[in-house]
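Structural characterization, general
The lines below spell out each chain.
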Amino acid sequence: MKIAVAGGTGTVGRHVVALAKERGHDVVSLSRTEGVDLVTGRGLDQALAGSDTVIDVSGINTTSTKKAVDFLTSASQNLLAAGETAGINHHVVLSIVGIDKATSGLYAGKLAQEDTARHGGVPWTLLRSTQFHEFVPLVVKTASAGPLVVVPKMFTQPVAAREVAQALVDAAGKGPQGRIRDLAGPRLEELDGLARAYLARTGQRRKVVEVPFPGAMGRAMRIGALIPAPGAAVGRQTFLEWLEASSPLGGSEK
């Protein structure tokens, strides 16, 4: 197949691009650094020419509900419109487990993205996954204040980004399936424990303080609503295994 990967330079996207190429597919990555703007549609028609499948792993790093909804709605609408013009016959979307129970910020944006794909003119497949292992370093970075790292009380079941990419490339090869089984990592964890493990691994002497996050999002975090229901697909690599395989600074997998 010829596969276009929206967000092909991101955490999961780079794995999707590499795996699809390893399997012999012709792959084009869609990102601003490669001359494609999903929000304005600039460069999309040319980039999708000749492709038959789109894997959309695009995203935005924001806590603003409006920014997330605006970005993911526009990006999805533009991808689908350009996809219809280009003759795309399969639109694969990556989303997040539990977004029905925590409809703010990025989660609200992902719900809008899912709805756009469902009602677009291209046959689709939807995969929801839990947070990636890389979520922990991101939380530590953004939640650090001097010697403290303030993290929300949260149950999570993190999954390897490469395993999410494998599931997406597998789905692309099977044709449109609608919503498929959610994907999670192999272990139920608490975020504060993962943050402590990451800090120890990277030699950072900071104290982790766990606090309840307010609102519906905080409640979803605390009660385990962001964990998939029984029957979800389960990955193999644990967070600690990923951490051991990572660089000393907790970067991407080798």
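First, a word on scope: everything that follows refers to the structure included in this document. All chains use their own residue numbering, which begins from 1 and follows the written sequence. Note on the predicted model: pLDDT of at least 70 is required for a residue's local features to be given, and 80 or more for side-chain atom pairs to be given and counted; whole-chain, interface and lining totals, by contrast, use all residues. With hydrogens and water excluded, all non-hydrogen atoms of the structure serve as input to the side-chain values.

**Some details on the overall build of the protein chain**
The test is simple: Think of it this way: any DSSP run of H or I at least four residues long counts as a helix, any run of E at least two long counts as a strand, and we number them from the N terminus. In this description the radius of gyration comes from C-alpha coordinates, and the expected globular size is given by 2.2 Å times residues to the power 0.38. Burial classes follow relative accessibility: with a 1.4 Å probe on protein chains only, a residue under 20% of its type's maximum area counts as buried, one over 50% as exposed, and anything between as partly exposed. Pairs of residues are marked as contacts when any of their non-hydrogen atoms sit within 4.5 Å. For the area figures, the Shrake-Rupley method with a 1.4 Å probe applies, and any residue is considered shielded solely by the protein chains shown. Lys and Arg are tallied as positive, Asp and Glu as negative. Neither His nor the chain termini are counted. To locate a charge, take atom NZ for lysine, CZ for arginine, CG for aspartate or CD for glutamate.
Scanning the protein chain from N- to C-terminus turns up nine helices and 13 strands. For the protein chain, the C-alpha radius of gyration of 18 Å lies close to 18 Å, the compact-globule estimate for 254 residues. Across the 254 residues that make up the protein chain, the buried fraction comes to 51%. In the protein chain, once contacts between residues fewer than 6 apart in sequence are set aside, the share between residues at least 24 apart is 79%. Carbon and sulfur atoms make up 54% of the accessible area of the protein chain, which totals about 11,300 Å². Both charge centroids of the protein chain, one from 28 positive and one from 23 negative side chains, sit 6 Å from each other.

**As for the pairing of strand β2 (residues 26-30)**
To keep things clear, this is the line we draw: Pairing between two strands is assigned when DSSP locates at least 2 bridges connecting them. With its strands directed away from the observer, a crossover is right-handed exactly when the path from the first strand over the helix to the second travels clockwise.
As paired strands, strand β1 (residues 2-6) and β2 are joined by five bridges and run parallel to one another. Following the sheet pairing, Lys2 is matched in β2 by Asp26. What joins β1 to β2 is helix α1 (residues 13-22), and the crossover it makes is right-handed.

**Examining the packing of helix α3 (residues 65-86) against helix α4 (residues 105-118)**
Stated precisely, the cut-off is as follows: Lines fitted to C-alpha atoms define the axes, with helix axes restricted to the stretch in contact, and inter-axis angles between N-to-C directions lie between 0 and 180 degrees. An angle counts as roughly parallel when it lies under 35 degrees, as roughly antiparallel when it exceeds 145, as roughly perpendicular when it falls between 65 and 115, and as oblique in every other case. We call a crossing left-handed when the near helix sits turned anticlockwise from the far one by less than a right angle, and right-handed when that turn is clockwise. Only Asp, Glu, Lys and Arg are considered charged in this grouping, and only Ala, Val, Leu, Ile, Met, Phe, Trp, Tyr, Cys and Pro are considered nonpolar; every other residue, Gly among them, is considered polar.
It is at 7 Å that the axes of α3 and α4 come closest, and there the two elements cross at 25°. As judged from the angle between their axes, α3 and α4 are roughly parallel. With respect to the hand of their crossing, α3 and α4 are arranged in right-handed fashion. Along the contact surface, α3 presents Thr65, Ala68, Val69, Leu72, Thr73, Ser76, Gln77 and Leu80, while α4 presents Gly105, Leu106, Ala108, Gly109, Lys110, Ala112, Gln113, Thr116 and Ala117. Along the lines of polarity and charge, the residues of the contact of α3 with α4 split into eight nonpolar, eight polar and one charged.

**Observations regarding the sheet that holds strand β12 (residues 207-211)**
In space, the three strands of this open sheet follow the order β6-β7-β12, with mixed pairing throughout. This sheet does not close on itself; its edge strands, each paired only once, are β6 (144-145) and β12. Pairing between β6 and strand β7 (residues 148-152): two bridges, direction antiparallel. Residue pairing in the sheet places Ala145 in a bridge with Leu148 of β7.

**Here's the deal with a nonpolar patch on the surface**
Threshold: For patch detection, residues must exceed 30% relative accessible area and be free of salt bridges, and they are connected within 9 Å for like charges or within 5 Å for nonpolar side chains (Val, Leu, Ile, Met, Phe, Trp, Tyr). Here, a salt bridge means any side-chain nitrogen of Lys or Arg that lies within 4 Å of a carboxyl oxygen of Asp or Glu.
A cluster of nonpolar side chains, contributed by Leu148, Val150 and Val211, occupies part of the molecular surface with about 180 Å² of accessible area. With respect to the secondary-structure elements, Val150 resides in strand β7. Judged by its relative accessible area of 34%, Val150 is partly exposed.

**What about the packing of α1 against helix α6 (residues 161-174)?**
Running from N to C, α1 and α6 point in directions that differ by 50°, and their axes come no closer than 9 Å. Relative to α6, the element α1 is oriented oblique. Both α1 and α6 take part in a crossing whose hand is right-handed. In this structure, α1 contributes His15, Val16, Leu19, Ala20 and Glu22 to the contact, and α6 contributes Ala161, Arg162, Ala165, Gln166, Leu168 and Val169. A class-by-class count of the residues in the contact of α1 with α6 yields seven nonpolar, two polar and two charged.

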